[in-house]
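Observations on the model geometry
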Amino acid sequence: MLLAAAAPAGATEPAREFGEVVDYPLVFPVGGDATVGDRSGFWDGRSDGTHHAQDILAPKLTPVYAAATGTVVYVNYSRNPAALNPERCCTLIVAHDDGWESWYIHLNNDSPGTDDGLAWGIAPGILPGTRVEAGQVIGYVGDSGNCDTIEGCPPHLHFELRDPADVIVDAYQALWTAEQALRAAEGAAPACTPAGVAPLAYLLSGTGLLRRGDSGPAVYELQGFLKLRGFDPGPLDGTFSSATYQAVQTFQRRRGLDADGVVGPATRGAILSLTQQSRFARLVADGDALVQRERGPRVRELKRWLLLAGYDPLSIGPRFSAATTYAVQAFQQATPGLAVDGRADLATRLALARAIHLIWPGDCP
Ligand SMILES: [Zn+2]
């Protein structure tokens, strides 16, 4: 039986049975080419009963997305942000705003290329109490927990879905629908990595004043730039909010400018001079790929971009480490149209610039 789900919180929900198949609206929770596979998984036997979940196979470090908008309630079964049970890394539970829950088990706990159990496969900033949007990166696929001790257990996401009465339902149909929607969207809107569009093109080419209340491409790029340089402009939504105003003022003070919170010629000039520094300019213009074992300021800048986009290279040093390669690969896997080779070529870097709001998405054909 299929049931329409997602009744608003507080409305009367039908009583469901353990293992009932539901068609609940989800974002497909795993990136890359991952697929829900066959539907047998829910009732598979396990030593402690039935499996009661769907397993989605994917390479280690493939991004895992929040299946619905809500709040992270448990990290490694802890509700306490100060005590995250690292020995039980890495699991997450998200409470959806409509009272349902999704569970994410076996997230990565290994340093790239190893099975050492020393890594933290939960995305930066994801803690008990963190609000997450559907589709936001919350972690990375791995083989932690009992998968680590089972011979031949491949990296995968173990995904459980619970209704507001805490009944575990079979998410197969919901995942299948979400996967179809994802593939259709990919077919309709192929990857967009506009080689001809320079980062901050709108922001730096404009001549007018940008101020509180303004909106549009230049403000969108301004917010991306501020965030990248460590100032908090609030939500990256292209609207010049009071948080954006305060971030502009802080930026102006640091650069010795009149801190009026208005972006005019002097502030544009300061932004331009920062983007002309080679670490930035060569990242967005040079044709050669950055690859593992390279070093230098361009690599450090690349790692800042990866971190801001939600792909943690584990350190922001000048060396293109194995962890950097994995972060680049994870980003490439999540971005249709990019070769998944761990090399930060120009197409990858421009796609990254789009991901961190340095390029207005409206420029995509
Ligand atoms: Zn499982």
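Here, residues in each chain are numbered from 1, in the same order as that chain's written sequence. Totals for whole chains, interfaces and linings use every residue, but because this is a predicted model, local features are given only for residues with pLDDT of at least 70 and side-chain atom pairs only at 80 or more, for both listing and counting. Heavy atoms throughout the structure, all of them, feed into the side-chain values; hydrogens and water do not.

**Focus on the domain arrangement of the protein**
As a reminder of what qualifies: Either an automatic procedure or a domain database provided the assignment from which the domain bounds are taken. Two parts lose some accessible area (1.4 Å probe) when they are put together, and adding that loss for both gives the buried area. Any Lys or Arg side-chain nitrogen found within 4 Å of a carboxyl oxygen on Asp or Glu counts as a salt bridge. Under this definition, polar contacts are N or O atom pairs within 3.5 Å; protein pairs additionally need one hydrogen-donor-capable and one acceptor-capable atom, and for neighbouring residues in sequence, both atoms have to be side-chain atoms. Helix and strand labels come from DSSP, where a helix needs a run of H or I of at least four residues and a strand needs a run of E of at least two; each type is numbered from the N terminus. Put simply, Ala, Val, Leu, Ile, Met, Phe, Trp, Tyr, Cys and Pro go in the nonpolar bin, Asp, Glu, Lys and Arg in the charged bin, and everything else, Gly too, in the polar bin.
For the protein, the assigned domains are domain 1 (39-188) and domain 2 (201-363). The centre of domain 1, based on its C-alpha atoms, is set 30 Å off from the matching centre of domain 2. Summing the contributions of domain 1 and of domain 2, the shared interface buries around 830 Å²; its carbon and sulfur component is 69%. Three residues stand out in domain 1 for area buried against domain 2, namely L61, P112 and P124, and they jointly supply 42% of the buried area on that side. Inspection of the domain 1/domain 2 interface yields zero salt bridges. Run the count over domain 1 and domain 2 and you get three residue pairs in polar contact (both at pLDDT 80 or more). Mapped onto the side of domain 1 that touches domain 2, the elements with two or more residues apiece are β4 (63-65) and β9 (137-140). Residue composition of the side of domain 1 that touches domain 2, grouped by class: eight nonpolar, two polar and one charged.

**So, the state of the cysteines**
The cut-off we apply is this: Counting rule for disulfides: a pair of cysteine sulfur atoms within 2.5 Å. For every residue, the accessible area (1.4 Å probe, protein chains only) is compared with the maximum for its type, and the residue is labelled buried under 20%, exposed over 50%, or partly exposed between those bounds.
Under the definition given, this model contains two disulfides. The disulfide bridge from C89 ends at C90, spanning 1.4 Å between sulfur atoms. Note on the C89 and C90 pair: the S-S dihedral is about 60°, so by sign convention the disulfide is right-handed. Both residues of the pair, C89 and C90, count as buried.

**Regarding the coordination of the zinc ion**
Perfect tetrahedral coordination of a metal by four donors corresponds to 109.5 degrees between them, and perfect octahedral coordination by six donors corresponds to 90 or 180 degrees. The cut-off we apply is this: Sites may look incomplete because water is not among the atoms; the donors themselves are N, O and S atoms within 2.8 Å of the metal, or within 3.2 Å for Na, K and Ca.
The protein atoms that coordinate the zinc ion are H51 (NE2), D55 (OD) and H158 (ND1), at distances spanning 2.0 to 2.1 Å. All donor residues of the zinc ion come from one chain, and their arrangement in sequence is H-x3-D-x102-H. Placement of H51 in the loop between β2 (49-50) and β3 (54-57) and of H158 in strand β10 (residues 156-162) is noted, with a sequence separation of 107 residues between them. Considered together, H51 and H158 belong to a single accessibility category, that of buried residues.

**A short note on the environment of D98**
By the element assignment, D98 lies in the loop between β6 (92-96) and β7 (101-105). Taking relative accessible area as the criterion, D98 reaches 14% and is therefore assigned buried. Taking C-alpha positions, D98 is 44 Å from G208, a pair spaced 110 residues apart along the chain. Among the polar contacts listed, one links the side chain of D98 to the backbone nitrogen of W100, at a separation of 3.1 Å.

**Section: the pattern of salt bridges**
In this structure the tally under the stated criterion is 11 salt bridges. Salt-bridge contacts for K60 lead to D110; the nearest nitrogen and oxygen are separated by 2.9 Å. Within this pair, whereas K60 is found in the loop between β3 and β4, its partner D110 is found in the loop between β7 and β8 (131-132), the two being separated by 50 residues in sequence. Here the residues in one salt-bridge network are K60, D110, D115 and D143, joined through shared partners.

**Quick notes on helix α3 (residues 217-228)**
Applied cut-off: Expected helix span is computed as 1.5 Å times (number of residues minus one). Contacts between residues were defined by any pair of non-hydrogen atoms, one from each residue, lying within 4.5 Å.
Here α3 is 12 residues long and its end C-alpha atoms lie 17 Å apart, about the 16 Å a rise of 1.5 Å per residue gives. Summarising burial for α3: 10 of the 12 residues are buried, a large majority. Considered for burial, the residues of α3 that qualify are A218, V219, Y220, E221, L222, Q223, G224, F225, L226 and L228. Elements that come into contact with the buried residues of α3 comprise α2 (201-205), α4 (242-254), α5 (265-275), α6 (278-285) and α7 (297-308). Just downstream of α3, G230 is the residue with a positive phi angle, here 95°.

**Some remarks on the layout of surface pockets**
The criterion, for reference: Definitions used throughout: a 1 Å grid over protein atoms alone; a cavity as a set of points that fits a 1.4 Å probe which cannot get out; a pocket as an open set with protein on both sides within 12 Å along at least five of seven lines; a lining residue as one with an atom within 4 Å of a point. Grid points are joined across faces, edges and corners, and a volume is the space filled by probe spheres set on the points.
In this structure, the second largest pocket spans a volume of roughly 490 Å³. As for the second largest pocket, its lining consists of 23 residues, and the residues nearest its centre are D48, I105, H106, N146 and H158. Element by element, the count of residues in the lining of the second largest pocket is highest for β10, at three residues.

**Details of unusual backbone geometry**
Geometrically, the link from C89 to C90 is a cis peptide bond, its omega value of 15° lying close to zero. Look at Y77: it is not a glycine, yet its phi comes out positive at around 65°. Summarising the element assignment, Y77 is placed in the loop between β5 (70-75) and β6.

**Brief notes about the pairing of β10**
We apply this condition: Strands were regarded as paired on the criterion that DSSP finds at least two bridges between them.
With respect to burial, β10 is a largely interior element, seven of its seven residues being buried. Neither face of β10 is exposed, since H156, H158, E160 and R162 on one face and L157, F159 and L161 on the opposite face are all buried. Direction of pairing for β3 relative to β10: antiparallel, over a ladder of four bridges. Pairing of L57 across the sheet is with H156, part of β10. Here β7 runs beside β10; their pairing, made up of five bridges, is antiparallel. When the bridges of β10 are listed, S102 appears paired with L161. Bridge count for β10 against strand β11 (residues 168-169) is two bridges, and the pairing is antiparallel.

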